[in-house]
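# Descriptive analysis of the structure
Chain residues, written in single-letter form:
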2 protein chains.
Amino acid sequence: MNQRWSYFLSLPCWIGRWLLIALLTGIPIGTASAFFLMALDWATGTRQMHPQLIWALPIAGLVVGWCFLRFGNSVERGNNLILDEIHEPRATIPFRMMPMVLVGTVISHLFGASVGREGTAIQMGGAIADQWAHRLHLDGETRRILLVMGIGAGFASVFGTPLAGTVFGLEVLAIGAMRYDALFPCMAASLIAHATCLLWGAHHTHYPTAIVPSLSLTPVVAVIVAGALFGLMARLFSWLTQRISTLLRQVIPWAPLRPFVGGAIIAMLIMCVAGLDRYIGLGVPVIESALRTPVPLYDTLGKLGFTALSLGSGFKGGEVTPLFYIGTTFGNALAQLFHQPVALLASVGFVAVFAGAANTPLASTLMAIELFGPAIAPYALIACVISYLFSGPQGIYAAQRVERHKWPGMKH
Amino acid sequence: MNQRWSYFLSLPCWIGRWLLIALLTGIPIGTASAFFLMALDWATGTRQMHPQLIWALPIAGLVVGWCFLRFGNSVERGNNLILDEIHEPRATIPFRMMPMVLVGTVISHLFGASVGREGTAIQMGGAIADQWAHRLHLDGETRRILLVMGIGAGFASVFGTPLAGTVFGLEVLAIGAMRYDALFPCMAASLIAHATCLLWGAHHTHYPTAIVPSLSLTPVVAVIVAGALFGLMARLFSWLTQRISTLLRQVIPWAPLRPFVGGAIIAMLIMCVAGLDRYIGLGVPVIESALRTPVPLYDTLGKLGFTALSLGSGFKGGEVTPLFYIGTTFGNALAQLFHQPVALLASVGFVAVFAGAANTPLASTLMAIELFGPAIAPYALIACVISYLFSGPQGIYAAQRVERHKWPGMKH
């Protein structure tokens, strides 16, 4: 009987313990995300008021590159370092990762690189979570769950999507399977970080609720075909970013010179060709307009090129918001081609290119529901699953494990 | 180069093949669900017009029990048979499962047993899907995916929730993990079956969009505590149904006599005590009213008792709609106790008791979004995850595998 009581108490104790850890990690992560979002607003606003800042982009790249070479060798690998530590623990993630990636990203945005923000959020989350694992002397399995919480909480708070954050943390670790052992901790940390971020007064972009046709054959076929193209676009994005990175490493051995050269090319293009500035920074205004009104197809290619060059040469931030941009504009162009409502394929493209690149079809579908309302749900699910199948054996996170092949004929 | 082309063609071929199989299974499953729903409407309407039909419940039980004893020994185990065949294939699921469970369920509802409908939908889906596996001579792994499609398509079409159906098919197989290899096939079959069911003109219950408070501390704490109680209620339900079944098997060795006795007890109670008829049948009107206005706590216990007696003695149908009833009324009572909005805890209870009993927290959360709108999403996720943790090592499906412990301290 005594044993039975202790068994019944063990679950509330386990939940209480993880709730405490979720508070200890979620509150600082949500706070970091809130200040990060405010800093990004400031950087983007300042850059738009002073377009000449773009001339300093090569210098900014040089400085960020030098700082990471000098002080950040151990944190250079970013998201992949965190995924690796979850799969094969080696050493505590240095706390310096947090300020370095934060400042590096804000500088990248201030001077006009085309980068995102989820990488920063995830790395801040991972670095904060791992400090607790270290300080509280937590064992390996507990630390593993803590790092998943850091990923989920960072993602949830920076995009304002706690459900997508919860599932993203579980889903991003491996391709083809999902384990539930971190479900409660990751959910608690995601919700707490999201609520904390809101309490600080940070605001997320509010997208219009997608008005979409009811489920019928023509739009479904359009979404299936578009889903395959979104997956191939995700594959092209991963390949191009990786290719530019490898090429620059071969040609320019001294790391800080690479973002200098990348920044110089971007600055010259922006200054020489009018209108190219819609491809730098986060690009949220373009995303918002592409959800409603037609945009040209070359918007997709422009953003693809600028982002691959920015990230491949070493600027900091992440891939996800540029992937939203690429997906939304690509879906917008496909809607014109397929004679479908712009809102349908643009909203679906927003999440589906990301689903293919990150190999997270369920988190992306939940994100579509959280951002665009429930009517988009079946279309988003179709496009995300097809894009996930078409995006190839690897995505933007090289450290992601392949648990199962996406389909039986898939080769590595 | 040639090899490369064949590689790129292999994915569209794989998708095309599964789309074809999804059409072959989804259309008949959606059709079966449509006619099942219409038959249920007829049975429920007829029973309400002729309350004296309850006197025939023991005879109905005897007849259904005798039919299953005589012709249905191989299909008696229902949902568990399908789960077993997925984990350890032995023999084709007999097609007779479909008409037998369909007629058995309609008779159960016509004469006033307290049963659900998802068991019937899943078993019809599994039986239909397995006929194709048999006729097309599909290999073991393909057949496994086909059975998952049958489960997803049956669930999706009978409740009108294609996203929840997709994830339910993947999630119900095992506790603590989810594999993605059936993701596309299950999604395709669920959507096709859902669309087919709608095309036949079948209608699903439309619940009011839940108006819930914005995410803040008091309702979150209420939902956490309620979630634990929902999980314990799910555990009580599984235990009681199982206990009554075991007891009746010991006392009454001849199977058809068990639903006769169960039916006789139910009929006598209904006839002797006025007002108890709210606990028989599907109970959709009570669910609808409990989502809006306060109901007494004994509604939960009444439905629990009548359902455990109906299912435990051998009536056909399933557990899920009674679990919705139990969850909604229990949430309703807890809302009065905790001074929270009835809509919040009743909607959350609707999905969370089911999440705990079926061990499907993500499918249940998606179902909440599909039925009650996206505002309920974070509350539903919290309640479903906590209920899943508290519902114990097993649920209503004995054949479900335990892939991982729900939490490290959990014992079998």
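Calculation criteria
Residues numbered from 1 in each chain as written. Chains lettered and ligands numbered in written order. Predicted model: local features only at pLDDT ≥ 70, side-chain atom pairs only at ≥ 80, totals over all residues. Heavy atoms only, no water. UniProt positions renumbered as here; feature names shortened; annotations may be inferred. Contact = heavy atoms within 4.5 Å. Buried area = accessible area lost by both parts, 1.4 Å probe. Salt bridge = Lys/Arg side-chain N within 4 Å of Asp/Glu carboxyl O. Polar contact = N/O pair within 3.5 Å; in protein donor to acceptor, adjacent residues only side chain to side chain. Helix = DSSP H or I, 4+ residues; strand = E, 2+ residues; numbered from the N terminus. Nonpolar A, V, L, I, M, F, W, Y, C, P; charged D, E, K, R; others polar. Pairing = 2+ DSSP bridges. Buried < 20%, exposed > 50% of the residue type's maximum accessible area, 1.4 Å probe, protein only. Least-squares fit on C-alpha atoms with pLDDT ≥ 70 in both. Expected span 1.5 Å × (residues − 1). Arc of directions from axis to C-beta. Patch = residues over 30% accessible without salt bridge, like charges linked within 9 Å, V, L, I, M, F, W, Y side chains within 5 Å. Areas by Shrake-Rupley, 256 points an atom, 1.4 Å probe, with all protein chains shown as cover. Core = buried A, V, L, I, M, F, W, Y, C linked by side-chain atoms within 4.5 Å. 1 Å grid on protein atoms, 1.4 Å probe; cavity = no way out; pocket = protein on both sides within 12 Å on 5 of 7 lines; lining within 4 Å. Points joined across faces, edges and corners; volume = space filled by probe spheres on them. Phe/Tyr/Trp six-rings, centres within 6.5 Å; stacked < 30°, edge-to-face > 60°. Lys NZ or Arg CZ within 6 Å of the ring centre and 35° of its normal.

Under the annotation held in an unreviewed UniProt entry, chain A carries the name Chloride channel protein EriC and is attributed to Zymobacter palmae. Quoted verbatim from the Subcellular location (unreviewed entry) field of UniProt, the annotation for chain A is "Membrane".

## Remarks on the interface of chain B and chain A
Counting residues at the interface gives 48 residues for chain B and 48 residues for chain A. When chain B packs against chain A, the two sides together hide about 4,400 Å² of surface, and 79% of this comes from carbon and sulfur. Joining chain B to chain A, the criterion identifies 0 salt bridges. Here chain B is connected to chain A by 5 residue pairs in polar contact (both at pLDDT 80 or more). At the level of elements, α1 (2-49), α7 (162-171), β2 (177-179), α8 (183-199), α15 (361-372) and α16 (377-390) of chain B are the ones that each hand at least two residues to the side of chain B that touches chain A. Sorting elements by how many residues they give to the side of chain B that touches chain A places α16(B) first, with 9 residues. Of the residues that constitute the side of chain B that touches chain A, the class distribution is 34 nonpolar, 7 polar and 7 charged. Pairing of strand β2 (residues 177-179) of chain A with β2(B) involves 3 bridges; the strand directions are antiparallel.

## Some remarks on the pattern of salt bridges
All chains considered together, the criterion is met by 22 salt bridges over all chains. Linking B:Arg90 and B:Glu88 is a salt bridge whose minimum nitrogen-to-oxygen distance equals 3.9 Å. Residue classification places B:Arg90 among the exposed residues on the basis of a relative accessible area of 61%. Overall, the relative accessible area of 42% leaves B:Glu88 in the partly exposed class. Taken together, the shared-partner salt bridges in this structure form one network comprising A:Glu141, A:Arg144, A:Arg179 and A:Asp181.

## Here's the deal with the relation of the copies chain B and chain A
Of the two same-sequence chains, chain B is brought onto chain A (RMSD 0.0 Å, axial shift 0.0 Å) by a rotation of 180°. Taken together, the rotation and translation describe the operation of a two-fold axis. In terms of C-alpha distance to the rotation axis, chain B has B:Met178 as its closest residue, with the C-alpha 2.6 Å off the axis. In this assembly the copies share their binding face: 100% of the residues contributing to the interface of chain B also contribute to that of chain A.

## Some thoughts on the environment of B:Thr205
All names here are of chain B. Its place among the elements puts Thr-205 in the loop between α8 and α9 (217-251). Relative accessible area serves as the criterion here: at 22%, Thr-205 is assigned to the partly exposed category. Each C-alpha atom of the pair Thr-205 and Phe-159 lies 8.1 Å from the other, and the pair is 46 residues apart in sequence. Leave out the neighbours within four places in its chain, and Thr-205 touches Arg-117, Val-284 and Glu-288.

## Description of helix α10 (residues 257-272) of chain B
An α-helical turn contains 3.6 residues, so any two residues separated by three or four positions project in the same direction. Residue and element names in this part refer to chain B. With 16 residues, α10 should reach 22 Å at 1.5 Å per residue; the first-to-last C-alpha distance of 22 Å fits that figure. Where α10 is concerned, the buried positions are Arg-258, Pro-259, Gly-262, Gly-263, Ile-266, Ala-267 and Ile-270. All buried residues of α10 project into a common sector of 155° when viewed along the axis, lining one side. In this structure, the buried residues of α10 make contact with α2 (57-71), α9 and α12 (298-313).

## Some points on a nonpolar patch on the surface
On the surface, A:Trp66, A:Leu69, A:Phe71, A:Trp254 and A:Leu257 cluster together into a nonpolar patch covering about 470 Å² of accessible area. Relative to the assigned elements, A:Leu69 resides in helix α2 (residues 57-71).

## Overview of the nonpolar core
Of all hydrophobic cores here, the largest spans 300 residues; its most connected members are A:Phe168, A:Phe184, B:Phe168 and B:Phe184. Beyond its immediate sequence surroundings of up to four residues, A:Phe184 is in contact with A:Trp14, A:Ile15, A:Trp18, A:Leu19, B:Val385, B:Ile386 and B:Leu389.

## With respect to empty space enclosed by the protein
Summed over the entire model, instances satisfying the criterion amount to 9 cavities of 30 Å³ or more. Its volume calculated, the largest cavity comes out at about 150 Å³. Considering the residues around the largest cavity, the lining is formed by 13 residues, among which A:Leu362, A:Leu366, B:Val167, B:Leu362 and B:Leu366 are closest to the centre. Those elements giving two or more residues to the lining of the largest cavity turn out to be α7 (162-171) and α15 (361-372) of chain A together with α7 and α15 of chain B. Residue composition of the lining of the largest cavity, by class: 10 nonpolar, 3 polar and no charged.

## Regarding the packing of aromatic side chains
The full count for this structure, using the stated rule, is 33 aromatic pairs over all chains. Centre to centre, the rings of B:Phe168 and B:Phe354 are 6.0 Å apart; their planes meet at 25°, and the pair counts as stacked. Within this pair, whereas B:Phe168 is found in helix α7, its partner B:Phe354 is found in helix α14 (residues 342-358), the two being separated by 186 residues in sequence. This pair shows no difference in class: B:Phe168 is buried, exactly as B:Phe354 is. Between the aromatic rings of B:Phe324 and B:Phe354, the centroid separation amounts to 5.6 Å while the plane-to-plane angle is 85°, which identifies the pairing as edge-to-face. You can see B:Phe324 sitting in helix α13 (residues 320-338) and its partner B:Phe354 sitting in helix α14, a full 30 residues away along the chain. Of the residues examined, B:Phe324 reaches a relative accessible area of 1% and is grouped as buried. Overall, the relative accessible area of 0% leaves B:Phe354 in the buried class. Taken together, the ring pairs connect A:Phe155, A:Phe159, A:Phe168, A:Tyr207, A:Phe324, A:Phe350, A:Phe354 and A:Phe372 into an aromatic cluster. A cation sits over an aromatic face here: A:Lys406 above A:Tyr388, 4.7 Å from the ring centre. Lying over the aromatic face of B:Tyr325, B:Lys303 brings its terminal NZ or CZ to 4.7 Å of the ring centre.

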